[in-house]
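# Chain and residue survey
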Amino acid sequence: MSYLFWTLACLCVYIGGLVILVRVTPLLLIRRYDDVYFMAVAAADVLGGICVFGAVAVTFALFSGVFAVRLLDFFLLLGILIVALIMSYRSYYSRRFRRVQAASRIMASVYCLLLGLAALLYIGLLFVPST
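Here's what I pulled together on the structure shown here. (Residues numbered from 1 in each chain as written. Predicted model: local features only at pLDDT ≥ 70, side-chain atom pairs only at ≥ 80, totals over all residues. Heavy atoms only, no water.)

Our focus in this paragraph is the packing of aromatic side chains. Inspection of every chain in the model, using the stated rule, returns seven aromatic pairs. An angle of 65° between the planes, with centres 5.3 Å apart, marks the rings of Phe74 and Phe75 as edge-to-face. Following the ring pairs from residue to residue traces out a cluster consisting of Phe74, Phe75 and Phe127. Across from the ring centre of Tyr92, 5.1 Å away, lies the NZ or CZ of Arg105, which sits over that ring. (Phe/Tyr/Trp six-rings, centres within 6.5 Å; stacked < 30°, edge-to-face > 60°. Lys NZ or Arg CZ within 6 Å of the ring centre and 35° of its normal.)

The next subject is the packing of helix 2 (residues 36-62) against helix 3 (residues 67-92). Remark: helix 2 packs on helix 3, axes separated minimally by 10 Å, with the N-to-C direction vectors making an angle of 175°. Taken as axis vectors, helix 2 and helix 3 run roughly antiparallel relative to one another. Contacts between helix 2 and helix 3 involve Val52, Phe53, Val56, Thr59 and Phe60 from the first element and Val69, Arg70, Asp73, Leu76, Leu77 and Ile80 from the second. Here the contact of helix 2 with helix 3 is built from residues that sort into eight nonpolar, one polar and two charged. (Axes fitted to C-alpha atoms, helices over the stretch in contact; angles between N-to-C directions. Helix = DSSP H or I, 4+ residues; strand = E, 2+ residues; numbered from the N terminus. Parallel < 35°, antiparallel > 145°, perpendicular 65-115°, else oblique. Contact = heavy atoms within 4.5 Å. Nonpolar A, V, L, I, M, F, W, Y, C, P; charged D, E, K, R; others polar.)

This brings us to the nonpolar core. By size, the foremost hydrophobic cluster in this structure holds 20 residues, and its most contacted members are Tyr14, Leu18, Val52, Phe53, Leu77, Ile80 and Ala119. Elements with a minimum of two residues in this core: helix 1 (3-24), helix 2, helix 3 and helix 4 (102-126). It is helix 3 that provides the largest number of residues to this core, a total of seven residues. (Core = buried A, V, L, I, M, F, W, Y, C linked by side-chain atoms within 4.5 Å. Buried < 20%, exposed > 50% of the residue type's maximum accessible area, 1.4 Å probe, protein only.)

The subject of this paragraph is the environment of Ser109. In this structure, Ser109 sits in helix 4. With 19 residues separating them in the primary sequence, Ser109 and Arg90 have C-alpha atoms 8.0 Å apart. Those residues in contact with Ser109 that sit more than four places away from it in its chain are Ser88, Ser91 and Tyr92.

Across its 22 residues, helix 1 extends 31 Å between first and last C-alpha, which sits within 8% of the 32 Å expected from 1.5 Å per residue. Residues Thr7, Cys10, Tyr14, Gly17, Leu18, Leu21 and Val24 constitute the buried set of helix 1. Buried residues along helix 1 cover an arc of 155° about the axis, so they all sit on one side. Those residues of helix 1 that are exposed and angled more than 90 degrees off the buried face are Leu4, Cys12, Ile15 and Arg23. Check the buried side of helix 1 and you find it contacts helix 2, helix 3 and helix 4. (Expected span 1.5 Å × (residues − 1). Arc of directions from axis to C-beta.)

With 27 residues, helix 2 should cover 39 Å at 1.5 Å per step; its first-to-last C-alpha distance of 38 Å lies within 8% of that length. Buried within helix 2 we find Phe38, Val41, Ala42, Asp45, Gly48, Gly49, Cys51, Val52, Phe53, Ala55, Val56 and Thr59. Taken together, the buried residues of helix 2 touch helix 1, helix 3 and helix 4. Ser64 sits one or two positions beyond helix 2 and adopts a positive phi of about 55°.

A separate point is the packing of helix 3 against helix 4. As a packed pair, helix 3 and helix 4 sit with axes 8 Å apart at the nearest point and diverge in direction by 160°. With respect to their mutual orientation, helix 3 and helix 4 come out roughly antiparallel. Between helix 3 and helix 4 lies a crossing of left-handed hand. Across the contact of helix 3 with helix 4, the residue classes tally to 19 nonpolar, four polar and three charged. (Left-handed = near helix turned anticlockwise from the far one by under 90°.)

The structure is reproduced here in C-alpha cells:
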C-alpha cells in the first residue's frame, strides 16, 4: 500500500486515540475502582493510549526513522505529552463532579502521568542514534 495512505491512517488513529483519552478519562472519576463499568472505561482509556503510541510507532517504522518522520513523531509525542498532562491535572483537581471518587481520581491521574512519562521517554529515544 501507499506510504501516504499509511501516514494518513496513522494520523486518523492518532487523532481518534486523543479523542478517546479526552472523552473517556473524565468518566473514570465518578466510578468506584472496583466497579465493572470502571474497568470497561479504563480498558477504553488504555485502548486510546495504544492508538496514540501505535500511530507514532507505525510511522517511525514505516519510514525507517528518516529525519522528517522523526520530526513528525516528535510533534505527535509532544501532543501526547500535553494532552496527558492536561488530563492528569483535570483528573486530580476535578471540581466539576460532585461525586468524585478519591481512589479513581488518583488512578486516572497516575495513568495520565505515566502516559506523559512514556511520551517523554520516547522523545528522548527518538533522537538518540541506534546501535
